[in-house]
Amino acid sequence: MRYRRFGAFDYITMVTILGIIISVIFITSSGSQEPVKRNKRLTPHEKRVKRSADLLALTSTVESAKDVCQLPGLSDILVPRVAGTEENKKVRDYLVSRIKSLGWEAELDTFTQKALQPTLDTLADWKMADVTFSNVIGYSNRDAPKQVVITAHFDSKLYAKRDDGKEFLAAVDSAVPVAMILNIMDNLKEMLERKEDLERGIVVVFFDGEEAFRDWTSTDSVYGSRHLANKWKDEDFYSKMELFMLLDLIGGPSPTFSSSFKETEWVFNQFIKIEKELADSGLMTYPENSTPHFYFKKPTRVWGIEDDHKPFENNGYRNIVHVIPVPFPPQWHDITDDAEHLDCDVIHNLQKVIQLWLAEYFQLHKIINM
């Protein structure tokens with residue numbers, strides 16, 4: 001290899017030419033390309049403002065001033081609806097229509113079996129007779145490999161006719177939970193559609209025949225959930241179920257909720273965090289001049305409650321979130337379980353907590369920021 005020796009003139013000329021070429025390349029590239037954009041780092045205040053806006057969007061509700069507690073559809077459910085009766089079928093058909101209005105697939109899990117039935121209006125005499133039950137099921141995306149199942153029962157308890165003509169309406173048990181679930185789905189409908197999550201779907205189930213006709217026993221209770229639990233086990237649907245959430249006895253004053261399952265303690269911990277965040281953001285409603293009553297508590301292992309989750313638990317399924325207040329509300333199985341004795345603030349607050357949890361579980365906050 002050999003080197004060529006440059007004179008002074010040759011060297012200066014070469015450097016000048018190279019400088020011009022570099023300048024032209026820089027100017028050309030700068031004019032033809034946009035400057036690199038860097039994500040702006042939000043200040044703590046800006047983060048709080050943005051989070052507040054997200055919370056407001058994710059907890060927005062479709063309310064009806066003409067309905068009970070401004071909860072659309074509650075008045076359509078708040079009628080006597082004992083399993084096997086015509087009134088029960090009317091409510092069932094209404095639930096199917098609401099599911100279809102979401103654009104979801106609706107299914108009836110209908111079956112007939114023997115059950116104790118009264119022969120007198122006074123309930124003084126009983127016999128075994130065929131009763132037809134229908135669980136109402138709605139699928140947002142039936143083919144998704146992962147499913148979040150959210151449930152409540154829609155039937156009401158059988159009571160003897162009263163001399164004053166007043167009927168048992170079963171508001172907290174469980175017309176309110178059913179209406180809450182439907183309205184949460186209504187409120188999140190547009191965001192869920194935009195999400196187009198092919199990996200995860202929502203299944204809503206409204207169980208029939210949760211209530212005992214006579215006295216609660218293992219054979220006279222949870223008719224609908226016993227049937228569906230076995231059906232889904234045979235179909236291997238459990239392998240798709242990420243969570244099974246059951247709402248019950250919601251709408252009474254000052255409820256307290258805690259986890260019964262170690263496997264789903266994390267959900268209740270998130271409820272606790274969400275409830276506090278909503279309260280701190282001024283998005284919860286409490287009576288004037290009162291200290292906020294926080295509903296969700298650290299897990300205390302509330303055992304022994306028989307409900308629609310039990311048949312699934314007995315089949316070995318454990319990812320259960322049982323949202324039921326302990327102690328039970330004062331109107332439980334009482335003639336006062338009606339619209340007049342509902343705590344509307346409690347209903348709206350709990351709906352916001354559950355709705356926000358579901359929205360964040362499905363990462364819908366990313367949708368509103370697109």
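Residues numbered from 1 in each chain as written. Predicted model: local features only at pLDDT ≥ 70, side-chain atom pairs only at ≥ 80, totals over all residues. Heavy atoms only, no water.

## Overview of the overall build of the protein chain
What counts is decided by this rule: Secondary structure is summarised from DSSP: a helix means a run of H or I of at least four residues, a strand means a run of E of at least two, and numbering begins at the N terminus for each. Each residue is assigned to one of three classes by its accessible area relative to the maximum for its type, calculated with a 1.4 Å probe on protein chains only: buried under 20%, partly exposed between the two thresholds, exposed over 50%. Whether two residues are in contact is decided by their heavy atoms: any pair within 4.5 Å suffices. Each accessible area is a Shrake-Rupley result for a 1.4 Å probe, and residues are judged covered by the shown protein chains and nothing else.
What the protein chain contains, in helices and strands, is 10 helices and 6 strands. Of all 370 residues assigned to the protein chain, the portion counted as buried reaches 46%. Residue pairs in contact within the protein chain that sit at least 24 positions apart in sequence constitute 80% of those at least 6 positions apart. Carbon and sulfur atoms provide 53% of the accessible area of the protein chain, an area that totals close to 19,500 Å².

## Remarks on the sheet that holds strand E6 (residues 320-323)
As a reminder of what qualifies: When DSSP locates at least two bridges between a pair of strands, those strands are taken to pair. Each axis is a line fitted through C-alpha atoms, and for a helix only the stretch in contact is used; angles between axes span 0 to 180 degrees, taken between their N-to-C directions.
Pairing in this open sheet of 6 strands is mixed, and the strands run E1-E2-E4-E3-E5-E6 from one edge to the other. Looking at strand neighbours, the two that pair on one side only are strand E1 (105-118) and E6, the edges of this open sheet. Across this sheet, the average inter-strand angle for adjacent strands is 15°, counted without regard to direction. When strand E3 (residues 146-153) meets strand E4 (residues 200-207), the two strands line up parallel, connected through 8 bridges. Across the sheet, residue Ile150 finds its bridge partner in E4, namely Val204. Of the strands in this sheet, E1, strand E2 (126-139) and E4 are in contact with helix H4 (residues 86-101), which crosses E2 at around 10°.

## What to know about the environment of Ser101
Tracing the sequence through the fold places Ser101 in helix H4. Separated by 85 residues in sequence, Ser101 and Asp186 place their C-alpha atoms 8.9 Å apart.

## Remarks on the packing of aromatic side chains
Basically, it comes down to this: Ring pairs are drawn from Phe, Tyr and Trp, using the six-membered ring of Trp, whenever the two centres fall within 6.5 Å, and their geometry is named by plane angle: stacked under 30 degrees, edge-to-face over 60, tilted for the rest. A ring is considered to have a charge above it if a Lys NZ or an Arg CZ atom is located within 6 Å of its centre and within 35 degrees of its normal.
Under the counting rule described, the total for this entry stands at 22 aromatic pairs. Seen from their ring centres, Phe207 and Phe244 are 6.4 Å apart, and the 35° between their planes marks the pair as tilted. With Phe207 in strand E4 and Phe244 in strand E5 (residues 241-247), this residue pair connects regions lying 37 residues apart in the sequence. With relative accessibility at 0%, the residue Phe207 sits in the buried group. Site record: aromatic cluster; members linked through ring pairs are Phe257, Trp266, Phe268, Phe271, Phe296, Trp357, Tyr361 and Phe362. One residue, Lys157, lies across the ring of Tyr159, its end atom 6.0 Å from the ring centre. Directly above the aromatic system of Phe362 lies the positively charged group of Arg200, at a separation of 5.7 Å from the ring centroid.

## Re the pattern of salt bridges
Let me state the cut-off plainly: In the sections that follow, a salt bridge refers to a side-chain nitrogen of Lys or Arg positioned within 4 Å of a carboxyl oxygen of Asp or Glu.
Evaluated as defined, the whole model comprises 15 salt bridges. Glu86 is the partner of Lys89 in a salt bridge, and the nearest nitrogen-oxygen pair spans 3.4 Å. Placement of the pair is Lys89 and Glu86 together in helix H4, with a separation of 3 residues, close to one helical turn. Owing to a relative accessible area of 33%, Lys89 belongs among the partly exposed residues under this scheme. One salt bridge in this structure joins Glu242 and Arg200, with 2.6 Å as the shortest N-O distance. Residue Glu242 is found in strand E5, and its partner Arg200 is found in strand E4; the two are separated by 42 residues along the sequence. Overall, the relative accessible area of 18% leaves Arg200 in the buried class.

## Here's the deal with unusual backbone geometry
A cis amide bond links Asp173 with the next residue in sequence, Ser174, at an omega value of 5°. Structurally, the position occupied by Ser174 is in helix H5 (residues 171-195). A cis amide bond links Val326 with the next residue in sequence, Pro327, at an omega value of 5°. A positive phi angle, close to 55°, is found at Cys69, a residue other than glycine. Among the secondary structure elements, Cys69 is positioned in the loop between helix H2 (44-58) and helix H3 (74-77). Phi is positive for Leu123, which is not a glycine, with a value near 60°.

## Points about the confidence of the model for the protein chain
What counts, and what does not: Known as pLDDT, the predictor's per-residue confidence is scaled from 0 to 100.
Residues at a pLDDT of 70 or more form 83% of the protein chain, whose mean pLDDT is 87. Low pLDDT, under 50, characterises residues 1-18; the predicted model gives this stretch 1 contact beyond four residues in sequence or across chains. Throughout residues 20-38 the model reports pLDDT below 50, and contacts reaching past four residues in sequence, or to other chains, amount to 0 contacts.

## Details of the pairing of E2
Taking burial as the measure, the 14 residues of E2 include 10 buried ones, the bulk of the element. Pairing between E1 and E2: 14 bridges, direction antiparallel. Across the sheet, residue Glu107 finds its bridge partner in E2, namely Ile137. The pairing of E2 with E4 spans 4 bridges and is classified as antiparallel.

## Here's the deal with the nonpolar core
Rule in force here: Grouping buried Ala, Val, Leu, Ile, Met, Phe, Trp, Tyr and Cys residues that are joined through side-chain atoms within 4.5 Å yields what is termed a nonpolar core.
Within the largest apolar cluster, 70 residues are counted, with the highest numbers of intra-cluster contacts made by Leu95, Met185, Phe206, Phe271 and Leu358. When residues in this core are grouped by element, the largest group, 14 residues, is from H5. For Phe271, the contacting residues outside a window of four places in its chain are Met245, Phe296, Val321, Val323, Val353 and Trp357.

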